[in-house]
Amino acid sequence: MIEFHDVCKRYATGQEALNKVSFTVEEQEIVFLTGHSGAGKSTLMKLIMLMEKPTSGQVMIGGRNLGRLGKSHIPYHRRQVGVVFQNHQLLFDRTVFDNVALPLQICGIHHREVARRVRASLDKVGLLNKETAYPVSLSGGEQQRVGIARAVVNKPPLLLADEPTGNLDPELSAEIMELFRQFSEVGVTVMIASHDVELIKRMHRRVLTLEGGQLIHDGVVW
Ligand SMILES: Nc1ncnc2c1ncn2[C@@H]1O[C@H](COP(=O)(O)OP(=O)(O)OP(=O)(O)O)[C@@H](O)[C@H]1O
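Residues numbered from 1 in each chain as written. Predicted model: local features only at pLDDT ≥ 70, side-chain atom pairs only at ≥ 80, totals over all residues.

By the naming in an unreviewed UniProt entry, the protein chain goes by Cell division ATP-binding protein FtsE and is assigned to Marinagarivorans cellulosilyticus. Annotation of the protein chain in UniProt includes, under Function (unreviewed entry), the sentence "Part of the ABC transporter FtsEX involved in cellular division. Important for assembly or stability of the septal ring." The record in UniProt for the protein chain states the following under Sequence similarities (unreviewed entry): "Belongs to the ABC transporter superfamily." (UniProt positions renumbered as here; feature names shortened; annotations may be inferred.)

K.L.:
Is there a simple way to explain the overall build of the protein chain in this structure?
P.N.:
From N to C terminus, the protein chain includes 7 helices and 10 strands. Against the 2.2 N^0.38 benchmark of 17 Å for 222 residues, the protein chain shows a C-alpha radius of gyration of 17 Å, consistent with a compact globule. Dimensions of the protein chain, computed from the C-alpha atoms along their principal axes, are close to 45 × 40 × 35 Å. Within the protein chain, buried positions represent 36% of all 222 residues. (Helix = DSSP H or I, 4+ residues; strand = E, 2+ residues; numbered from the N terminus. Rg over C-alpha atoms; globule rule 2.2 N^0.38 Å. Buried ≥ 20, exposed ≤ 12 C-beta atoms within 10 Å, placed from the backbone.)

K.L.:
In this structure, what is going on with the domain arrangement of the protein chain? I would like to understand it.
P.N.:
Interface extent is often summarised as the accessible area lost during association of the parts. Each domain of the protein chain was delimited in the assignment, giving domain 1 (1-80 + 159-222) and domain 2 (89-155). Of note, the centres of domain 1 and domain 2, computed from C-alpha atoms alone, are 24 Å apart. Listed per partner, the contact involves 10 residues of domain 1 and 8 residues of domain 2. The element best represented in the side of domain 1 that touches domain 2 is helix H6 (residues 170-185), accounting for 5 residues. Each residue belonging to the side of domain 1 that touches domain 2 can be placed in one class, and the counts come to 7 nonpolar, 1 polar and 2 charged. (Domains from an automatic or database assignment. Contact = placed C-beta atoms within 7 Å. Nonpolar A, V, L, I, M, F, W, Y, C, P; charged D, E, K, R; others polar.)

K.L.:
Mind showing me how you'd approach the sheet that holds strand S6 (residues 81-85) here?
P.N.:
Strands in a sheet are paired, the pairing made by backbone hydrogen bonds, and the direction either parallel or antiparallel. Spatially, the 6 strands line up as an open sheet ordered S6-S7-S8-S3-S9-S10, and their pairing is mixed. The strands lining the two open edges of the sheet, one partner per strand, are S6 and strand S10 (214-219). Averaged over all pairs of adjacent strands, the angle between strand axes in this sheet comes to 20 degrees, irrespective of strand direction. Taken together, the 5 bridges between strand S7 (residues 158-162) and strand S8 (residues 189-193) define a ladder with parallel strand orientation. Within S8, the position partnered with alanine 161 by the bridge is isoleucine 192. Against the sheet, helix H1 (residues 41-49) engages strand S3 (30-34), S6, S7, S8 and strand S9 (206-211), with an angle of about 150 degrees to S7. Lying over the sheet, helix H5 (residues 140-152) contacts S6 and S7, oriented at roughly 165 degrees with respect to S6. (Pairing = 2+ DSSP bridges. Axes fitted to C-alpha atoms, helices over the stretch in contact; angles between N-to-C directions.)

K.L.:
Looking at this model, I keep getting lost on the packing of helix H3 (residues 96-106) against helix H4 (residues 111-124). Mind explaining?
P.N.:
For any two helices packed against each other, the geometry comes down to the angle between their axes and how far apart the axes lie. Running from amino to carboxyl end, H3 crosses H4 at an angle of 125 degrees, the nearest separation of the two axes being 9 Å. Relative to H4, the element H3 is oriented oblique. Of the two possible hands of crossing, H3 and H4 adopt the one that is right-handed. Facing H3, whose interface residues are Phe97, Val100, Ala101, Leu104 and Gln105, H4 presents Val114, Arg117, Val118, Ser121 and Leu122. Partitioned by chemical class, the residues of the contact of H3 with H4 number 7 nonpolar, 2 polar and 1 charged. (Parallel < 35°, antiparallel > 145°, perpendicular 65-115°, else oblique. Left-handed = near helix turned anticlockwise from the far one by under 90°.)

K.L.:
What's the story with the site of the ligand in this structure? I'm lost.
P.N.:
Around the ligand, the surrounding shell consists of Tyr11, Thr13, Gln15, Ala17, Gly35, Ser37, Gly38, Ala39, Gly40, Lys41, Ser42 and Thr43. Looking at which element gives the most residues to the shell around the ligand, the answer is H1, with 3 residues. The class makeup of the residues in the shell around the ligand is 3 nonpolar, 8 polar and 1 charged. (Near = placed C-beta within 6 Å.)

K.L.:
Just checking my understanding: could you explain unusual backbone geometry for this structure?
P.N.:
As a rule of thumb, non-glycine residues mostly have phi less than zero, and peptide bonds are mostly trans rather than cis. With phi around 45 degrees, aspartate 6 is a residue other than glycine that occupies positive phi space. Within the secondary structure layout, aspartate 6 lies in strand S1 (residues 2-10). The backbone phi angle of lysine 20 is positive, close to 50 degrees, even though this residue is not glycine. Note that lysine 20 resides in strand S2 (residues 16-25).

K.L.:
Quick question: what am I supposed to make of the environment of valine 7 here?
P.N.:
Relative to the helices and strands, valine 7 resides in strand S1. In sequence terms valine 7 and leucine 44 are 37 residues apart; their C-alpha atoms lie 9.1 Å from each other. Those residues in contact with valine 7, other than ones at most four positions away along the chain, are Leu18, Val21, Leu47, Pro54, Gly57 and Val59.

K.L.:
Would you explain H5 in this entry?
P.N.:
Every α-helix winds through 3.6 residues per turn, so residues three or four apart in the chain are directed the same way. Over its 13 residues, H5 runs 19 Å from end to end, which matches the ideal 18 Å to within 8%, given 1.5 Å per residue. Every buried residue belonging to H5 is among Gln143, Gln144, Arg145, Val146, Gly147, Ile148, Ala149, Arg150, Ala151 and Val152, and all of these are buried. Buried residues along H5 sit in contact with S6, H3, H4, S7 and H6. (Expected span 1.5 Å × (residues − 1).)

Structure below.
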């Protein structure tokens, strides 16, 4: 699902963020991406989302070489990648329903179909009863679940999560991880960037560790 071949990224400032990074993530896998601040985690995810381009090397997503993707295919590619952020990035003047509906409305999907998909997505994260609520009235864990519902409402085959449990206590973090596990069971590939060593250890999953832009470890034992 994700293939990096000798990927280097140097920003215009001269800062080298990734240096000859190579790895493959299979469909349905859950992988953690870890490393100190500045190690290159966000850059790696931005390359997958096509928010940045590599200086050299190849990034393949779902068998497509992103370097060869025509402009007209970029919106299609972005819909294939659901993204979850630590700070949720919810719109606080919109209801839960409207927040989750946003990616579908941008695609111009008919409102009846939007309603069906939004409810299916809210149901998956256990928030069907909150569709008319505003984010401010929700707990941090609930807000994060709204963010996840929004990320999966397009049914993307790939889900990227950047510090998705950063503000949550261990119990709520475990709930979020359980949601990711359920998505992977139905075929979604999940990549989670995290600093949370305890959480990563508990999950017993594959871990990619970056240091100074280099992939220094790839494996389950960490
Ligand atoms: N747009 C940019 N322009 C110039 N340098 C950048 C840019 N984005 C990131 N960098 C630099 O690239 C390196 C990797 O940054 P990146 O944000 O990928 O790391 P990170 O592991 O995600 O860090 P954090 O955990 O703090 O988010 C850092 O030295 C950073 O300062």
